[in-house]
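# Overview (structure and organization)
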Amino acid sequence: FYTGGLAAFTAVSATYTNLANSVPIRREEGVLKRWRSTPLPTGTYIAGFVGAAIVLAFAGLVLMLGVGYVFYDLEVDLAKMPGAALSFLVGVGAFAALGMAVAALVPTASSAAAVANATILPLAFVSNVFIPTGDDTPGWLQTVGDIFPLKPFAEMIQDAFNPFVDAPAISWGNLAYVALWGVAGLLVALKWFR
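Residues numbered from 1 in each chain as written. Predicted model: local features only at pLDDT ≥ 70, side-chain atom pairs only at ≥ 80, totals over all residues. Heavy atoms only, no water.

## Topic: the packing of helix α4 (residues 81-105) against helix α7 (residues 150-160)
At a minimum axis distance of 9 Å, the contact between α4 and α7 shows a crossing angle of 160 degrees. The orientation of α4 with respect to α7, classified from their angle, is roughly antiparallel. Crossing handedness for the pair α4 and α7: left-handed. Residues Met81, Ala84, Ser87, Phe88, Gly91, Val92 and Phe95 of α4 lie in contact with α7, whose contacting residues are Leu150, Phe153, Met156, Ile157 and Ala160. (Axes fitted to C-alpha atoms, helices over the stretch in contact; angles between N-to-C directions. Helix = DSSP H or I, 4+ residues; strand = E, 2+ residues; numbered from the N terminus. Parallel < 35°, antiparallel > 145°, perpendicular 65-115°, else oblique. Left-handed = near helix turned anticlockwise from the far one by under 90°. Contact = heavy atoms within 4.5 Å.)

In structure tokens, the structure reads:
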């Protein structure tokens, strides 16, 4: 449970929190404006931000799963790894898009860190990341966790390493829900990013 949940949270931190914090800083420092005046297409340097965040997310995921495997007897079922890879790609893509949406909406770099942390950390506690939510959790708290994409993403990664979940361990409903959030984040980022 903890290895999968923390691996998912590491990936979310590397994409959502990282992009929501670093892009507004570069905007305020004038770096984005200087890059815009070069012949490099805007999409290329934005893709560079997102690509770097995804690489960092992958490294964090591998590190967390490695710690789980070496120190906590995490079982790896190779038949579930394609599902884990698909869940990872959809999840980090969605959270990267949501991070860019936050970067587009925050007015200053100093407010970016507060917005990113104030939105993701509380959700982690109601999204099966740090604490498993169960039947004794208040209904409204479970509803909050179910609305946002962190819980389905964490559950998809956890399922890939849960011995009680059969291969391929792909939850198509969760996958579609996280992807939908990613599309919404992408649309917001495209409309308001400057």
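## Section: the packing of aromatic side chains
Applying the stated rule across the entire model yields 6 aromatic pairs. An angle of 85 degrees between the planes, with centres 6.5 Å apart, marks the rings of tyrosine 16 and phenylalanine 95 as edge-to-face. Linking tyrosine 16 in helix α1 (residues 2-28) with phenylalanine 95 in helix α4, this pair joins segments that are 79 residues apart in sequence. For the pair formed by tyrosine 16 and phenylalanine 95, the shared burial category is buried. With centroids separated by 4.9 Å and ring planes inclined at 50 degrees, the aromatic side chains of phenylalanine 125 and phenylalanine 130 adopt a geometry described as tilted. (Phe/Tyr/Trp six-rings, centres within 6.5 Å; stacked < 30°, edge-to-face > 60°. Buried < 20%, exposed > 50% of the residue type's maximum accessible area, 1.4 Å probe, protein only.)

## Topic: the environment of threonine 143
Along the chain, threonine 143 turns up in helix α6 (residues 139-147). Counting along the chain gives 17 residues from threonine 143 to valine 126, while the straight-line C-alpha distance between them is 9.0 Å.

## Here we look at the side chain of arginine 27
Along the chain, the position of arginine 27 falls in helix α1. No salt bridge is formed by the buried arginine 27, whose closest oppositely charged neighbour, glutamate 28, lies at an N-O distance of 6.0 Å. (Lys, Arg positive; Asp, Glu negative; His and termini not counted. Salt bridge = Lys/Arg side-chain N within 4 Å of Asp/Glu carboxyl O.)

## Things to note about the pattern of salt bridges
Taken as a whole, this structure holds 1 salt bridge when the rule is applied. With its nearest N and O atoms 3.0 Å apart, the salt bridge here joins lysine 151 to aspartate 146. Look at lysine 151 and you get buried, because its relative accessible area is 7%.

## Digging into the confidence of the model for the protein chain
Per-residue pLDDT for the protein chain averages 86, and the proportion of residues at 70 or more is 99%. The weakest mean pLDDT in the protein chain belongs to helix α2 (residues 31-36) at 81; the strongest belongs to α4 at 92. (pLDDT = per-residue confidence, 0-100.)

## Observations regarding the environment of valine 62
Among the secondary structure elements, valine 62 is positioned in helix α3 (residues 42-71). Using a relative accessible area of 45% as the deciding quantity, one classes valine 62 as partly exposed. Sequence spacing of valine 62 and asparagine 162 is 100 residues, and the spatial spacing of their C-alpha atoms is 17 Å.

## A word on the nonpolar core
Tyr16, Phe95, Leu150, Phe153 and Ile157 are the most contacted members of the largest nonpolar core, which has 36 residues in total. Secondary structure elements with two or more residues in this core: α1, α3, α4, α5 (109-125), α7 and α8 (172-192). The greatest single-element share of this core, amounting to 8 residues, is contributed by α1. With sequence-adjacent residues up to four places away left out, isoleucine 157 is seen in contact with Gly4, Ala7, Ala8, Leu61, Ala84, Ser87 and Phe88. By size, the runner-up hydrophobic cluster in this structure holds 11 residues, among which are Tyr45, Phe49, Ala53 and Met100. (Core = buried A, V, L, I, M, F, W, Y, C linked by side-chain atoms within 4.5 Å.)

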